[in-house]
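Here's the letter readout for the chains.
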Amino acid sequence: MTTAKARREEIYHLAVTTGLASVEELSRHFRVTASTIRRDLAHLNEEGKLARTYGGAVALGAHPEPSLRQRTGEAYEQKHAIAAWAAAEVKDGENILLDGGSTVGALAHALRGRESLSVTTPGINTLQELADSPGIQVDCLGGRLRGVSQTFVGPLAEAALERMSFDRVFLGADAVTADDGLCEADHAQTRLKELMARRGAAVYVLADSSKLGKRPFHAWAKLGLPWTLVTDSGADPAQVALFRGTGVQVQLVQAAEQASA
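Conventions used here
- Residues numbered from 1 in each chain as written.
- Predicted model: local features only at pLDDT ≥ 70, side-chain atom pairs only at ≥ 80, totals over all residues.
- Heavy atoms only, no water.
- Axes fitted to C-alpha atoms, helices over the stretch in contact; angles between N-to-C directions.
- Helix = DSSP H or I, 4+ residues; strand = E, 2+ residues; numbered from the N terminus.
- Parallel < 35°, antiparallel > 145°, perpendicular 65-115°, else oblique.
- Left-handed = near helix turned anticlockwise from the far one by under 90°.
- Contact = heavy atoms within 4.5 Å.
- Nonpolar A, V, L, I, M, F, W, Y, C, P; charged D, E, K, R; others polar.
- Salt bridge = Lys/Arg side-chain N within 4 Å of Asp/Glu carboxyl O.
- Buried < 20%, exposed > 50% of the residue type's maximum accessible area, 1.4 Å probe, protein only.
- Polar contact = N/O pair within 3.5 Å; in protein donor to acceptor, adjacent residues only side chain to side chain.

Running from N to C, helix H2 (residues 23-30) and helix H3 (residues 34-46) cross one another at 110°; their axes reach a closest spacing of 9 Å. With respect to H3, the axis of H2 lies roughly perpendicular. The hand of the H2/H3 crossing is right-handed. Touching Val23, Leu26, Ser27 and Phe30 of H2 are Ala34, Ile37, Arg38 and Leu41, all from H3. Of the residues in the contact of H2 with H3, the class split is six nonpolar, one polar and one charged.

What follows deals with the pattern of salt bridges. Taken as a whole and assessed by the stated rule, the structure comprises 10 salt bridges. A salt bridge links Lys193 to Asp99, with the nearest nitrogen and oxygen atoms 2.3 Å apart. Separated by 94 residues along the polypeptide, Lys193 in helix H9 (residues 187-198) and Asp99 in the loop between strand E4 (95-98) and helix H6 (102-111) bring together distant segments of the chain. An identical accessibility class is assigned to Lys193 and Asp99; each is buried.

In this section: the side chain of Glu184. Inspection of the secondary structure puts Glu184 in strand E11 (residues 181-184). A distance of 3.5 Å separates a polar atom in the side chain of Glu184 from a polar atom in the side chain of Lys193. Glu184 has contacts with Gly172, Ala173, Asp174, Gln189, Thr190, Lys193, Phe217, His218 and Ala219, leaving out every residue within four places of it along the chain.

With that out of the way, let us pick up the packing of helix H5 (residues 76-89) against H6. Running from amino to carboxyl end, H5 crosses H6 at an angle of 50°, the nearest separation of the two axes being 8 Å. Classified by the interaxial angle, the pair formed by H5 and H6 is oblique. The handedness of the crossing between H5 and H6 comes out as right-handed. Of H6, the residues touching H5 (which contributes Lys79, His80, Ile82, Ala83, Ala86 and Ala87) are Ser102, Thr103, Ala106, Leu107, Ala110 and Leu111. Grouping the constituent residues of the contact of H5 with H6 by class yields eight nonpolar, three polar and one charged.

Now the structure itself:
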């Protein structure tokens, strides 16, 4: 039987890694009453580890990482415009690598129905999008599953990459800056992105304009040139100039809502 101390330590770990600790979910997970969970959350709040919210708690001292489900609904038009441009770059017969994330997931959706493609991915959303596309061979980079991002990371995924190469690599990011590269909440994820970029003949970072120049977390993936930033036309011109000034190619894509503005 799990002790109260061990349970509270795991609750804190879940809050840090997933960004969410729901009373109902935790109650089911630990098979204890909701009242017990509320006492645990109150104890962690008194220790300064968690901040109470309606129905649960979040970790203090860190920018909360949104879940993949939350990110999928953000900047929807921009992400799908970026995905459509990226899909047009992919040629039949190519071997490509798709990262995890909501924008790259939109690219996977745009590739459904294509013929003679080989797709490798660490992302569960891409696996789901392409599972019933008979013209696409899909390989998964296995490893440790990060629940919040729905991607596989770690040594197993890294070892698999050493035996692969790709015509094109499409990466996502929580944020991206001209000087430091891709920003993520998890060091294992940034390590994997760096390795993925090294295995591609052409590398693209798909990031809507809200992610440019931001620094929400402290894990970074530095990419070697050349690579292409694909973002929407709402991007700050000053940010675009910074990327181009470092040698990064920038492709601006117009979303439907920006075209009608």
